[in-house]
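# Observations on chain architecture
In case you want the letters, here they are:
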Amino acid sequence: MLATNSEIRSYYKKEALPTIYCPGCGIGIILKAIISAFKDLNYNHTNTCLLSGIGCTARSSGYPKYDSINAIHGRALPIAEGLKKVRPQTNVVVFSGDGDLVGIGGNHLLHSLRRNNKITVIMNNNFTFGLTGGQLSPTAPKGTISKTSPKGSEIEPVDVKSLTTIYKPYFFARGSVVYPDHLSEIIKKALKYPNFSFVEVVSVCPTNYYRRLGFKTPSEIYRHLQNKLQIIEESDDLKPNQLGIIVKREKNEEE
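Anyway, here's the lowdown on the structure attached to this text. For clarity, every value in this text was computed on a predicted model and none was experimentally measured.

## A closer look at the overall build of the chain
Regarding its fold elements, the chain presents nine helices and 10 strands. Taken along its principal axes, the extent of the C-alpha atoms in the chain is 50 × 45 × 35 Å. Going through the 255 residues of the chain one by one, you find that 52% of them count as buried. Contacts in the chain between residues far apart in sequence, at least 24 positions, make up 68% of those at least 6 positions apart.

Written out as C-alpha cells, the structure is:
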C-alpha cells in the first residue's frame, strides 16, 4: 500500500523541492511507489543508496533523504555494481529512464544481467528522451512520431522483457503509473529478490511524447493507459499489455 502524502514528504529534502517535473509526469508517482516500498522494508538513509544516470528520471535520486549517486549518461549500472562490491551490505537501487538504461547504457545492462549481482533496477519507460526535447527512445513503438521521427519511426523497439530475461535466474516485473499500489508491491518483491531484479514501469511523458501523438491532457493519457493495461498474477510470461512478474529461479530453488 502506498504511503500517505505526509509520510512521503518526510522522506524528501525540503530544500530540493519543488521538483522539476511537468504536470502529469509519471516520475513523481514512481518515486512515491519506490519510497513506499523502502518504508515498508526499512530501507533508510543508513543502509540504502539510490543511483541514476542522466535524464528527467535521473534527477529523482537527488530528492529523497538517501545517499545517492547521479552518474554520467548510461553509467549508473557499473557504478552500482562497484558500490555493491565494496559495500555488499548496502541496498543498491537504480532508478533511471529508458533512454539512459536501454539506449545509452544498454551495453552495461547486458553485462549486469550476466553478472547477476544483488541490485534492483527500476526503469521509467516513457518512450522518449524527455529532458533533451523528445527524441525517439529505443523502447518507443514502431510508428511513433517524435522529434527525430516526424513521419513515424520505422524501427522496431527494444523488447525490454526479452532482453532482461536472457540469463537464468531472472526477475522481471512490469508495472505502471496508472496502478501505483500494484507498482509499489512489485517493487517490494523486486527489492527482496536475492539476485539482479528489473522493474519496467509503463509511464507518462505528457510534454514530449503523448502531446505529439495527439493527447491533449494528462487525464486523457492516464485513462488511455488504464484501458490498455491489464494486471495479472505471477506467470511464465507477460504480453506487452500485461503488468505483473515473471521469475526464473535457480534449478535447486525450484526443486
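## Describing the layout of surface pockets
Its boundaries defined by the atoms lining it, the largest pocket holds a volume of some 510 Å³. In terms of lining, the largest pocket is formed by 24 residues, of which the most central are F127, T139, P141, E200 and P240. Secondary structure elements with two or more residues in the lining of the largest pocket: α6 (160-164), β8 (197-202) and α8 (218-228). For the lining of the largest pocket, the class distribution of residues is 14 nonpolar, four polar and six charged. Of the pockets and cavities examined, the second largest pocket occupies roughly 270 Å³. Around the second largest pocket, the lining comprises 15 residues; the ones closest to its centre are I8, Y12, T19, G28 and K32. When residues of the lining of the second largest pocket are traced back to their parent elements, those giving at least two are α1 (5-9) and α2 (27-41). Among the elements that make up the lining of the second largest pocket, the one with the highest residue count is α2 (four residues). For the lining of the second largest pocket, the per-class residue count stands at nine nonpolar, four polar and two charged.

## With respect to α8
Every buried residue belonging to α8 is among I221, Y222 and L225, and all of these are buried. End-on, the buried residues of α8 take up no more than an arc of 95°, which puts them together on one face. Here the buried face of α8 lies against α2 and β8.

## Considering the nonpolar core
I122, I187 and V199 are the most contacted members of the largest nonpolar core, which totals 47 residues. Looking at which element gives the most residues to this core, the answer is α2, with eight residues. A71, A80, L109 and L163 belong to the second-largest nonpolar core, a separate cluster that totals 25 residues.

## A look at empty space enclosed by the protein
A probe matching the size of a water molecule, rolled over the atoms, marks out where space remains unfilled. Applying the stated criterion across every chain yields a total of one cavity of 30 Å³ or more. Taken as a whole, the largest cavity holds about 70 Å³ of empty space. Lining the largest cavity we find L113, N116, T164, Y167, P169, Y170, F171, F196 and F198.

## A word on the sheet that holds strand β4 (residues 120-125)
Sheets are built from strands that pair by backbone hydrogen bonding, the pairs being arranged parallel or antiparallel. As summarised here, the arrangement of the eight strands in space is β2-β1-β3-β4-β8-β7-β10-β9, forming an open sheet in which the pairing is mixed. Strands with a single pairing partner mark the edges of an open sheet, and in this sheet they are β2 (67-70) and β9 (230-231). Relative to β8, strand β7 (residues 170-176) runs parallel, the two being bridged by five bridges. Of the residues in β8, the one forming a bridge with S176 is V202. Packed on one face of the sheet, helix α7 (residues 180-192) meets β3 (91-97), β4, β7, β8, β9 and β10 (242-248) and runs near 165° to β7.

The rules we used
- Residues numbered from 1 in each chain as written.
- Predicted model: local features only at pLDDT ≥ 70, side-chain atom pairs only at ≥ 80, totals over all residues.
- Heavy atoms only, no water.
- Helix = DSSP H or I, 4+ residues; strand = E, 2+ residues; numbered from the N terminus.
- Buried < 20%, exposed > 50% of the residue type's maximum accessible area, 1.4 Å probe, protein only.
- Contact = heavy atoms within 4.5 Å.
- 1 Å grid on protein atoms, 1.4 Å probe; cavity = no way out; pocket = protein on both sides within 12 Å on 5 of 7 lines; lining within 4 Å.
- Points joined across faces, edges and corners; volume = space filled by probe spheres on them.
- Nonpolar A, V, L, I, M, F, W, Y, C, P; charged D, E, K, R; others polar.
- Arc of directions from axis to C-beta.
- Core = buried A, V, L, I, M, F, W, Y, C linked by side-chain atoms within 4.5 Å.
- Pairing = 2+ DSSP bridges.
- Axes fitted to C-alpha atoms, helices over the stretch in contact; angles between N-to-C directions.

Function cannot be read off these values alone, since they describe shape.
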